[in-house]
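So the chains spell out like this:
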Amino acid sequence: MIKISSIKDFIKLEANLPLGFVQYLKKEFYSLFEYLSNGEGMENFLLPFHLNMIVLEDKDELYSILNNRMELEFIDEEYIMTYTILRLGVNREEDIQLYYWIKLSETE
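Residues numbered from 1 in each chain as written. Predicted model: local features only at pLDDT ≥ 70, side-chain atom pairs only at ≥ 80, totals over all residues. Heavy atoms only, no water.

### Details of the layout of surface pockets
Which entries qualify depends on this criterion: Whether a set of points on the 1 Å grid over the protein atoms alone is a cavity depends on a 1.4 Å probe fitting there but being unable to get out, while an open set qualifies as a pocket with protein on both sides within 12 Å along at least five of seven lines; lining residues are those with an atom within 4 Å of a point. Grid points are joined across faces, edges and corners, and a volume is the space filled by probe spheres set on the points. By the criteria applied, helices consist of DSSP H or I runs no shorter than four residues and strands consist of E runs no shorter than two, each listed in order from the N terminus. The nonpolar class holds Ala, Val, Leu, Ile, Met, Phe, Trp, Tyr, Cys and Pro. Asp, Glu, Lys and Arg form the charged class, and all remaining residues, Gly among them, are polar.
What the largest pocket holds in volume is close to 250 Å³. Leu 32, Tyr 35, Leu 51, Ile 96 and Leu 98 are, among the 13 residues lining the largest pocket, the residues nearest its centre. Elements represented by at least two residues in the lining of the largest pocket include exactly helix 2 (19-36) and strand 5 (95-103). Sort the elements by how many residues they give to the lining of the largest pocket and helix 2 lands first, with 5 residues. Its residues assigned to classes, the lining of the largest pocket comprises 8 nonpolar, 2 polar and 3 charged.

### A closer look at helix 3 (residues 59-67)
Short version of the rule: Exposure classes here rest on a 1.4 Å probe applied to the protein chains alone. A residue is buried below 20% of its type maximum, exposed above 50%, and partly exposed in between. To be clear, the arc concerns the directions from the helix axis to the C-beta atoms. Whether two residues are in contact is decided by their heavy atoms: any pair within 4.5 Å suffices. In protein, a polar contact requires one atom able to donate a hydrogen and another able to accept it; more generally it is a pair of N or O atoms within 3.5 Å, and residues adjacent in sequence count only if both atoms are side-chain atoms.
Within the sequence span of helix 3, burial applies to Glu 61, Leu 62 and Ile 65. Mapping the buried residues of helix 3 onto a view down its axis gives an arc of 100°, with all of them on the same face. Helix 3 presents Asp 60 and Asn 67 as exposed residues on the side facing more than 90 degrees away from its buried surface. Residues of helix 3 that are buried make contact with strand 3 (72-80), strand 4 (83-92) and strand 5. You can read the cap of helix 3 off the contacts: a side-chain oxygen lies 3.1 Å from the backbone nitrogen of Asp 60, and it is on Asp 58.

### Observations concerning the pattern of salt bridges
The criterion, for reference: One side-chain nitrogen of Lys or Arg within 4 Å of one carboxyl oxygen of Asp or Glu is enough to make a salt bridge.
Per the counting criterion, the structure on display carries 5 salt bridges. The partner of Glu 14 in a salt bridge is Lys 26, with the nearest N and O atoms 2.7 Å apart. Highlighted residues: Glu 14 in helix 1 (residues 10-16) and Lys 26 in helix 2, separated in sequence by 12 residues. Overall, the relative accessible area of 22% leaves Lys 26 in the partly exposed class. Ionic pairing is found between Arg 87 and Asp 76, a salt bridge with its closest N-O pair at 3.0 Å. Of this pair, Arg 87 sits in strand 4 while Asp 76 sits in strand 3, and the two are 11 residues apart along the sequence.

### Focus on the environment of Ile 54
For Ile 54, the location among the structural elements is in strand 2 (residues 53-55). In this structure the C-alpha to C-alpha distance between Ile 54 and Asp 95, which are 41 residues apart in sequence, comes to 14 Å. Once residues within four sequence positions are removed from consideration, Ile 54 is found in contact with Met 1, Ile 2, Lys 3, Gln 97, Leu 98, Tyr 99 and Tyr 100.

### Section: the sheet that holds strand 1 (residues 2-4)
We apply this condition: Note: two strands are recorded as paired if DSSP finds a minimum of 2 bridges between them. Lines fitted to the C-alpha atoms define the axes, with helices restricted to the stretch that makes contact. Angles between their N-to-C directions range from 0 to 180 degrees.
Read across the sheet, 5 strands follow the order 1-2-5-4-3 without closing on themselves; strand pairing throughout is mixed. The sheet is open, and its two edges are formed by strand 1 and strand 3, each paired on a single side. Each neighbouring strand pair of the sheet contributes to a mean axis angle of 25°, computed without reference to strand direction. Where strand 2 lies against strand 5, 2 bridges are found, and the strand directions are parallel. Bridge pairing in strand 5 links Ile 54 to Tyr 99. Sitting on the sheet, helix 3 touches strand 3, strand 4 and strand 5, and the angle it makes with strand 4 is about 50°.

Okay, here's the thing in structure tokens:
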């Protein structure tokens, strides 16, 4: 799993994930920044630990989230180009932490 807590974390993602997915994640990060920032600039903004954005890297991580129905708040599907993104909201300390899974083929 990959944790995103600041805008700087996207540098690592851009080399390893499809561009459309990274752009989607940045849009999500900007929304959280607008909602949670207290006047600090984007370069200094850090998501609280319990609200880090999490990119799931393997199916076991995804199944672990899906099987924990007590904490799972919602599952959204987004379609970008040739793949599907699952956006999962998980209850964390009375907030919702966002998890993401990119589905590249029909067999995933």
